[in-house]
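Overview (structure and organization)
If you want the building blocks of each chain, they are given just below.
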Amino acid sequence: MTHDVAVHPLVSPWGRFGLYSFYIDAPQPAIVDTGIATSPAEGMAPALKALGRRIEDVRWILLTHGHIDHVGGAYALWERTGRRARVVIHEADVPMLRSRRAHVEEYRAGRGPYLRDPEGEAKVARAADAVISGEMEPTLLVRGGETLSLGGDVTVSVHAIAGHTPGSVAYVLDGQRAAFVGDAVQVHGAANGFPGYTDPAAYRAGLEHLRDRVRPRRLYLGHPYRRADGTPYGVELDEAQAREAIDQSLAAEDRVAAAACRCLEAGLTETDSPYSPFAPAAEALGYTGDPTLEPSPFFTSMHAYRTRARTRHTGAAQT
């Protein structure tokens, strides 16, 4: 690539969150992540009009992972492009694009059992119905290692950085090392104040890949993740901020892993604590946030460490 391509953040409202997508102003324009069902009309279209661009001209829809606030607007955006845009997602997360029910299954398999909410599954199902604009089949499934041409001399490389979800990816603008990572760089968490991931080892490996291989000069985050002191980054980080955010993410995972492992080694005990059965881990980390607020990253991550410990135990027993 011989010249830098402009990138514009597009923010859309959703309750207590702002949902961030990014417009890549290439010959074949791309939007990275799509918010929820209303985001194309309420956030993207007016923002692009203000830039002198048209949402109808978007030709690539690049999804960093399958969570509801990143794929919810995909079908609506695809429709607004006259179904001409190519939709890209990692094969491991494609069930969440194809099926609203997959979001309920993810809840059931991870954080759901800890939340003690008899209406939890129904709430997730209602949310999926309300904010996912349509179930759809992607144009292209990726695994990592692919290169996508956005026209002219603009190319994007796909990097698999699983951990936050099994199919999390980074899209990197070749030549300018601008990396769109969705929620794969959690730092110390976003609004809920806790980093959330489904596979701790994969999460660390993805962070190390970004730090050592990609070395982003610009890092685009899915949400305003927070430093150790609670102050949020923006969603556009320069090179120094990107390195700091990645290093802090690794340090945060170290702390969470140590607390989770001590808790698991002592044995899990059900109590009246809202953090049960991981209350000792929350106490060790000084975490006082509300663990029931969706997407409940505290329980998502604690369950991930529990799953890893069970896998290790099973493997040791078999040998």
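As the structure is a computational prediction, the values presented were derived from the model and not from experiment. Counting of residues starts from 1 at the beginning of each chain's written sequence and follows it residue by residue. Reporting of local features is limited, given that this is a predicted model, to residues whose pLDDT is at least 70; pairs of side-chain atoms are given and counted only at 80 or more, and all residues count toward the totals for whole chains, interfaces and linings. In computing side-chain properties, one takes all heavy atoms of the structure into account and sets aside hydrogens as well as water.

Describing the overall build of the chain
Scanning the chain from N- to C-terminus turns up 11 helices and 12 strands. Just to be clear, the radius of gyration here is over C-alpha atoms, and the globule rule we use is 2.2 Å times residues to the power 0.38. Rg of the C-alpha trace for the chain: 19 Å, near the compact-globule value of 20 Å for 319 residues, within the 12% margin. Overall, the chain is about 60 × 40 × 40 Å in size when its C-alpha atoms are taken along their principal axes. To sort residues, take the accessible area from a 1.4 Å probe on protein chains only and compare it with the maximum for the residue type: under 20% means buried, over 50% means exposed, and anything in between is partly exposed. Taken across its 319 residues, the chain has 50% of its residues classed as buried. The long-range fraction of contacts in the chain, counting pairs at least 24 apart against all pairs at least 6 apart in sequence, stands at 64%. All accessible areas in this document rest on Shrake-Rupley with a 1.4 Å probe, and a residue is counted as covered only by the protein chains that are shown. A total accessible area of about 13,500 Å² is found for the chain, and carbon and sulfur atoms account for 51% of it. Under this rule, positive means Lys or Arg and negative means Asp or Glu; His and the chain ends count for nothing. In plain terms, the charge of a residue is placed at NZ if it is Lys, CZ if Arg, CG if Asp and CD if Glu. Charged side chains in the chain number 34 positive and 39 negative. The centres of these two groups are separated by 2 Å. Helix numbering and strand numbering both begin at the N terminus, where a helix is a DSSP run of H or I of at least 4 residues and a strand a DSSP run of E of at least 2. Throughout, a residue-residue contact means that at least one pair of heavy atoms, one from each residue, lies within 4.5 Å.

Section: helix α5 (residues 101-109)
The set of residues buried in α5 consists of A102, H103, V104 and Y107. Packing partners of the buried residues in α5 comprise α2 (68-71), α4 (95-98), α6 (112-115) and α7 (120-131).

Things to note about the state of the cysteines
Sulfur atoms of two cysteines make up a disulfide when they are within 2.5 Å. Taken as a whole, this structure holds zero disulfides when the rule is applied. Between C261, a cysteine without a disulfide, and C263, which holds the nearest cysteine sulfur, the sulfur-to-sulfur distance is 9.8 Å.

Things to note about the packing of aromatic side chains
To pair, rings of Phe, Tyr and Trp, with the six-membered ring standing in for Trp, must have centres within 6.5 Å; the planes then decide the type, stacked if under 30 degrees apart, edge-to-face if over 60, and tilted in the middle. For the coordinates displayed, the defined rule picks out 16 aromatic pairs. Aromatic side chains Y197 and Y203 sit 4.4 Å apart centroid to centroid with 15° between the ring planes, which places their arrangement in the stacked category. Judged on exposure class, the residue Y197 and its partner Y203 are both buried. Ring geometry for Y287 and F298: centres 5.6 Å apart, planes at 15°, overall stacked. Separated by 11 residues along the polypeptide, Y287 in the loop between α10 (279-285) and α11 (297-318) and F298 in helix α11 bring together distant segments of the chain. The class of Y287 is buried, set by a relative accessible area of 9%. Through a chain of ring-to-ring contacts, the aromatic side chains of Y114, F194, Y275, F278, Y287, F298 and F299 assemble into a single cluster. Over a ring means this: the NZ of a Lys or the CZ of an Arg is within 6 Å of the ring centre and within 35 degrees of the ring normal. Over the ring of Y233 we find R227, and its NZ or CZ is 4.0 Å from the ring centre.

Side note on the environment of V5
Note on placement: V5 falls in the segment before β1 (7-14). What makes V5 buried here is its relative accessible area of 8%. C-alpha of V5 to C-alpha of I24: the two residues are 19 residues apart in sequence and 6.9 Å apart in space. If near-sequence neighbours (up to four positions away) are discounted, V5 is found in contact with I24, D25, A26, V154 and Q176.

Here we look at the pattern of salt bridges
Salt bridge, as used here: a side-chain nitrogen of Lys or Arg that lies within 4 Å of a carboxyl oxygen of Asp or Glu. This model, assessed by the stated rule, comprises 19 salt bridges. Notably, a salt bridge pairs D247 with R243, separated by 3.2 Å at the nearest N-O pair. Here the residue D247 and the residue R243 both occupy positions in helix α9 (residues 239-266), the gap between them amounting to four residues, near one helical turn. Residue classification places D247 among the partly exposed positions, given a relative accessible area of 32%. Owing to a relative accessible area of 45%, R243 belongs among the partly exposed residues under this scheme.

Description of the packing of α5 against α7
Lines fitted to C-alpha atoms define the axes, with helix axes restricted to the stretch in contact, and inter-axis angles between N-to-C directions lie between 0 and 180 degrees. At a minimum axis separation of 9 Å, α5 and α7 run at an interaxial angle of 150°. Taken together, the axis directions place α5 and α7 in an arrangement best described as roughly antiparallel. For α5 against α7, the interelement crossing comes out right-handed. Between α5, through R101, H103, V104, Y107 and R108, and α7, the contact on the second element is made entirely by G120, E121, V124 and A125. When describing relative orientation, an angle under 35 degrees is termed roughly parallel and one over 145 degrees roughly antiparallel, while 65 to 115 degrees is termed roughly perpendicular and anything else oblique. Helix crossings fall into two classes, left-handed where the near helix is turned counterclockwise from the far one by less than a right angle and right-handed where it is turned clockwise.

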